[in-house]
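Here is how the chains run, residue by residue.
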Amino acid sequence: MPEIPAVSRRSLLGGALATGAVAVGAGTAQAKPAEPGAALQAPTPRRSRGQKSMIGVPYDVHETVRVGVIGIGNRGSGMGEGWAVVPGCRVTAVCDIRENRAKALADRIVALGEPRPAEYGGSEDAYTQMLKRDDIDLVYIATPWEFHHRQGRDALLAGKHVVVELPIATELDELWDLVDTSERTRRHLMLSENCSYGRNELAMLKMAHEGLFGDVTNGHGGYLHDLRSLLFSDTYYTGSWRRLWHTRSTASFYAMHGLAPVAAAMDINRGDRMTVLRATATEPKGLADYRERFVDRSHPSWKETYINGDLVTCLIDTAKGRVIRAEHDVSSPRPYSRINSLAGSRGIFEDYAGTSSTGGRIYVEPDHSGHSWRDFDSYRKEFDHWLWKKIGDDAANNGGHGGMDYVLQWRTVQLMRAGLVPDIDVYDSASWCSPVPLSVKSLAAGGRPVEVPDFTRGSWVNLRMGLDSRETNMPPVRLSPLSRPTGRRSSP
């Protein structure tokens, strides 16, 4: 009997889009209702009258994308410069509670040959004055986590599209509020999930959607990064804000770096959805041990008690019966890893594990046999995402984190300038960040399962494009006679 090939998501979706017939629920499993008492409930609030979904809503066309930056610490400083070098993008305003930081970023943008952005700062609400400007289309937020929800919401209400660093919010009601505010204002909000644009992550997504792994059954992602020295630094995290989160929350703070690429490969919110989460945590030993060995007794951290487990693990079920394991550990001595693994009925890919230049290893049938891993090199070349083929050289020269920062920024600007639908929407952003509050809820209940909200309110059953986008070009940049020459690269 001849072997039946795996069905390619690309061919399925391409055919559906070609005929304009993506049927609600067609060919997808419905979420099974939990047995009474099996999981802690997560009620779905009703939409307000006149409020409509943002799924499939394109950006208005912007000839130039004008960006306002809020938060100019370690992350905001680098990304602020990054926006300025994307073709067709201009940073028009910058804001930080410390005015000298806003001035420093404005100086660096001028040094790039760009017009000087307006500067705001000196108070916690200085950003609200910036939001009143009519020359900002997109607000980028890179402040400490506790400010993300309020600043993101205020930017939406001011009529701006928004990109927020991880997480977009830390509480369930805040996540729902951002979803509802996006729907009411008709403005997009997306998580600045640069790892979703990583080269290996996008190749993994393409392989999954081409059916290379057969039926995908499970994935594993996370954020394993020894931050101990930075957490105890007196200068790296202003006011020690990130270390202080370890004194007041048991949450899996940052697992979305690994969760998001796996969720995209599984078509979460695009034919499948996360339904139930269970969390476990180890004892919080790492930070106290590091402090004991390396931190002087006069340091203010000696007054702190750490409650966040060194390793917080979330097991997440999906409506189609898949399982995702998402992990977070920044308190233990270990090499950096986002794990980035995907497996199915015909093979498996593992990142941060191989000896090849890509860092990945693979085993898929019928290509491989003998229970021996193979290098990922040739597969990444074959399944390299069009974004990396088109702007990979620019990304290597202009962006941090191996270039994926620039890919995210370039793609966001391209989507806005071309009037296209975002790759990552507010529903993806809320879903990927939901393990932050849900892990707290599960751990408080002794690891009991908790329901994952359906932020799409039922639209997850529709198969649709996301990060697996079709190739498009950056619209040409029109230079006025008064435009100054810059170091920007041409737009492919």
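Look up a bit, the structure's there.
What counts as what
Residues numbered from 1 in each chain as written. Predicted model: local features only at pLDDT ≥ 70, side-chain atom pairs only at ≥ 80, totals over all residues. Heavy atoms only, no water. Core = buried A, V, L, I, M, F, W, Y, C linked by side-chain atoms within 4.5 Å. Buried < 20%, exposed > 50% of the residue type's maximum accessible area, 1.4 Å probe, protein only. Contact = heavy atoms within 4.5 Å. Pairing = 2+ DSSP bridges. Helix = DSSP H or I, 4+ residues; strand = E, 2+ residues; numbered from the N terminus. Polar contact = N/O pair within 3.5 Å; in protein donor to acceptor, adjacent residues only side chain to side chain.

## Examining the nonpolar core
Here is step 1: Grouped together as the largest cluster of nonpolar side chains are 125 residues, with contacts concentrated most on Trp83, Ile168, Met207, Phe213 and Leu342.
Here is step 2: Apart from the residues within four sequence positions on either side, Leu342 is in contact with Met204, Ala208, Phe213, Val216, Asn218, Gly219, Val262, Ala265, Met266, Gly347, Ile348 and Phe349.

## Quick notes on the sheet that holds strand β14 (residues 374-375)
Here is step 1: If you walk across this open sheet you meet the nine strands as β14-β13-β12-β11-β7-β10-β9-β8-β15, and the pairing is mixed. For this open sheet the edge positions go to β14 and β15 (450-451), each flanked by a neighbour on one side alone.
Here is step 2: Relative to strand β10 (residues 323-329), strand β7 (residues 216-224) is paired through seven bridges, and the arrangement is parallel. Residue pairing in the sheet places Gly222 in a bridge with Glu327 of β10.

## Quick notes on the environment of Ser249
Here is step 1: Counting through the fold element by element, Ser249 comes out in the loop between α9 (241-248) and α10 (256-265).
Here is step 2: Beyond its immediate sequence surroundings of up to four residues, Ser249 is in contact with Ile307, Asn308 and Val440.
Here is step 3: A distance of 3.2 Å separates the side chain of Ser249 from the backbone nitrogen of Ala251, its partner in a polar contact.

## A look at the environment of Gly258
Here is step 1: If you trace the backbone, Gly258 turns up in helix α10.
Here is step 2: Judged by relative accessible area, Gly258 falls into the buried class, the value being 2%.
Here is step 3: C-alpha separation for the pair Gly258 and Ser341, spaced 83 residues apart in sequence, amounts to 8.9 Å.
Here is step 4: With residues near it in sequence (within four places) discarded, Gly258 still touches Gly221, Gly222 and Arg338.

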